[in-house]
Amino acid sequence: ELALKSLGSEGLFLFSSLDTNNDLYLSPEEFKPIAEKLTGVAPISEFEEEEAPDPGGETLSLVAKFQPLVMETMTKSKDGFLGISHVALSGLRNWTAPAAPMSVMLARHFKAFLPPKNKLDLGEPWWIIPSELNIFTGYLSNNRFYPPPPKGKEIIIHKLLSMFHPRPFVKTRFAPQGAVACIRAISTFYYTIAFRIHAEFQLNEPPDFPFWFSPGQFTGHIILSKDSSHVREFKLFVPNNRSLNVDMEWLYGASESSNMEVDIGYLPQMELESTGPSIPSVIHDENGNVIDSRDPSGEPIQFVFEEITWQQEIPWEEAVHKLEVAMYPFKKVSYLPFTQAFERAKAEKKLVHSILLWGALDDHKPLSASLPVPGSGRTLRETVLESSPILALLNESFISSWSLVKELEELQSNRENEFYSKLAELHLEKYNFPVEMIICLPNGTVIHHINANYFLDITSMKPEDVESSIFSFSTNFEDPSTATYLQFLKEGLQRAKPYLQT
């Protein structure tokens, strides 16, 4: 109360965003972002001090490519951003180019991507940065502007993402956090490592309120020597194959409980790529003498690299799936693209288990996770969809799929394939915001559906308080959510019997 009286609500909001340990005292480390802002001078951080030139080491040149968010893809753009102040979106509108279009990094710093000694099998995932959050731990504060100093293996990830924007948060506010990797190919001296990173950016600074920009994921690969002295190739990017791939949230007031606006949009390009293999910082001749990096005509010396012969490898798609399952155990069930799911269901004479969402189910924080309603893809995927009985029944009796509402609206309006258009129409007829779970026949007929809000409402009640007998609780499972979702699936199978038997 004394702090509020002294600083006012907005002053206390800024103070709290810096006071990371909530002790109402700003240490020099906590005050550093403001000192840097006021003086314009950034002291050399601990992790930058480590980057002393390595005379025997190699450097890797990277380029950043960035196309800003397509503003017209935000749902709020449909009403011309009415009611949204220009200031709130200023950080987003002003981010039109990468913070550092080019950078040179030490090859040895990519050692963070090497596998631990007990994870040397192809496709076996390990955590570069472990996730510290789950549905029980909750989420991290929205009221922050400046990322905490990165430590250990976070340093190289932070440095890479800083090429896009100066304020990357290597650990996201919502689960699953972190970075996961697996070996995709092995040679005598090299690995190809596939990786997936969940990170986000803070686009605003005081006096504006926080604006969080959360790409669905960063993925990519690195080819590096087993001793990390040489990087042959590096690429990191935000996938752009779906119509929406970024979640955004921004606060409208000076407290954690202030109104939060949410939206989703499409980012055409955000990627980092090496310009070529890493090369020695200093070049020696055969006698060990340092020589000029340019030939007598002034042209850079050209290096010749041996061709890598891979002894073992798995397809990129398999590696990607292994990383997905590591981040999201619910992905032990295959979720097929919408139209493909119906084709498979018809061939295998199974039902389609479909989840229709406003935001994605397998991005690090689907937009509906942040809405002030209980229904969300995040809650679903971290509870019922990961449970063993549900996984078993889905694998045995259903073909699963998840879709974005926007994608089905586009499919419905595309009259080139009337059957697909009709499938989308039947789904959208049953959809209610934010998430609808649907069971249907291979011809698209919906035989059962339930909204996530209603589902989570009834599973949070005591069994005796549930008026409807549509979903009954089973004593076989301690978790009412699992029991209720299992009942939902079984009732779908029961209702479908007359159709599937013909």
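A brief report on the enclosed structure follows. (Residues numbered from 1 in each chain as written. Predicted model: local features only at pLDDT ≥ 70, side-chain atom pairs only at ≥ 80, totals over all residues. Heavy atoms only, no water.)

Structural notes on the sheet that holds strand 11 (residues 246-251)
Reading across the sheet, the 5 strands line up as 4-7-8-11-12 and stay open at both edges, with antiparallel pairing between neighbours. The open sheet is flanked by strand 4 (168-169) and strand 12 (260-265), the only strands paired with a single partner. (Pairing = 2+ DSSP bridges. Helix = DSSP H or I, 4+ residues; strand = E, 2+ residues; numbered from the N terminus.)

Some thoughts on the sheet that holds strand 21 (residues 435-440)
On the basis of which strands lie adjacent, the open sheet formed by 5 strands has the order 18-20-19-21-22 and mixed pairing. The open sheet has two edge strands, strand 18 (335-336) and strand 22 (446-451), and neither has a second partner.

A closer look at the pattern of salt bridges
When their charged atoms lie close together, side chains carrying opposite charge are able to pair. On inspection of all chains with the given rule, the structure shows 15 salt bridges. For Glu-324, the salt bridge goes to Lys-331, with nearest N and O atoms at 3.6 Å. Neither residue differs from the other here; Glu-324 and Lys-331 are each classed as buried. Between Lys-422 and Glu-425 there is a salt bridge whose closest N-O contact spans 3.7 Å. Residue Lys-422 and its partner Glu-425 are located together in helix 11 (residues 418-430), separated by 3 residues, close to a single helical turn. (Salt bridge = Lys/Arg side-chain N within 4 Å of Asp/Glu carboxyl O. Buried < 20%, exposed > 50% of the residue type's maximum accessible area, 1.4 Å probe, protein only.)

Topic: helix 11
Side chains three or four residues apart in an α-helix point the same way, a direct result of the helix having 3.6 residues per turn. Relative to the 18 Å expected for 13 residues at 1.5 Å per residue, helix 11 spans 19 Å between its end C-alpha atoms, a close match to the ideal helical length. Taken residue by residue, helix 11 has Tyr-420, Ser-421, Leu-423, Ala-424, Leu-426, His-427 and Leu-428 as its buried positions. For helix 11, the elements touching its buried residues are helix 7 (338-348), strand 19 (351-357), helix 10 (405-413), strand 21 and strand 22. (Expected span 1.5 Å × (residues − 1). Contact = heavy atoms within 4.5 Å.)

Topic: the packing of helix 10 against helix 11
Contact pair helix 10 / helix 11: the axes reach a minimum separation of 8 Å and the direction vectors enclose 135 degrees. Regarding the angle of helix 10 to helix 11, the classification is oblique. Crossing geometry of helix 10 relative to helix 11 is assigned as left-handed. Taken together, the residues of helix 11 that come into contact with helix 10 (itself represented by Val-405, Leu-408, Glu-409, Leu-411 and Gln-412) are Tyr-420, Ser-421, Ala-424, Glu-425, His-427 and Leu-428. Looking at side-chain class alone, the contact of helix 10 with helix 11 contains 6 nonpolar, 3 polar and 2 charged residues. (Axes fitted to C-alpha atoms, helices over the stretch in contact; angles between N-to-C directions. Parallel < 35°, antiparallel > 145°, perpendicular 65-115°, else oblique. Left-handed = near helix turned anticlockwise from the far one by under 90°. Nonpolar A, V, L, I, M, F, W, Y, C, P; charged D, E, K, R; others polar.)

Some thoughts on the nonpolar core
Ile-355, Met-437, Tyr-485 and Leu-489 are the most contacted members of the largest nonpolar core, which has 59 residues in total. Looking at which domains feed residues into this core, each of domain 2 (58-280 + 299-324) and domain 3 (328-501) supplies at least three. If sequence neighbours within four positions are ignored, Tyr-485 has contacts with His-353, Ile-355, Leu-380, Val-384, Leu-385, Ile-390, Met-437 and Phe-455. Formed by 55 residues, the second largest nonpolar core is a distinct cluster that contains Phe-164, Ala-179, Met-248 and Leu-272. (Core = buried A, V, L, I, M, F, W, Y, C linked by side-chain atoms within 4.5 Å. Domains from an automatic or database assignment.)

Here's the deal with the side chain of Arg-173
Inspection of the secondary structure puts Arg-173 in the loop between strand 4 and strand 5 (178-186). A polar side-chain atom of Arg-173 sits 2.6 Å from a polar atom in the side chain of Glu-249. (Polar contact = N/O pair within 3.5 Å; in protein donor to acceptor, adjacent residues only side chain to side chain.)

Here's the deal with helix 10
Within the span of helix 10, buried status applies to Val-405, Glu-407 and Leu-408. Here the buried residues of helix 10 occupy an arc of 160 degrees about the axis, which is enough to place them on one side. (Arc of directions from axis to C-beta.)

With respect to the packing of aromatic side chains
What the rule picks out here adds up to 20 aromatic pairs. With a centroid separation of 5.5 Å and an interplanar angle of 85 degrees, the aromatic rings of Phe-455 and Tyr-485 are classed as edge-to-face. With Phe-455 in helix 12 (residues 452-460) and Tyr-485 in helix 13 (residues 480-501), this residue pair connects regions lying 30 residues apart in the sequence. Exposure remark for Phe-455: the relative accessible area of 1% places this residue in the buried category. Here the aromatic cluster, defined as three or more aromatic residues joined through ring pairs, consists of Phe-66, Trp-95, Phe-164, Phe-201, Phe-213 and Phe-218. (Phe/Tyr/Trp six-rings, centres within 6.5 Å; stacked < 30°, edge-to-face > 60°.)

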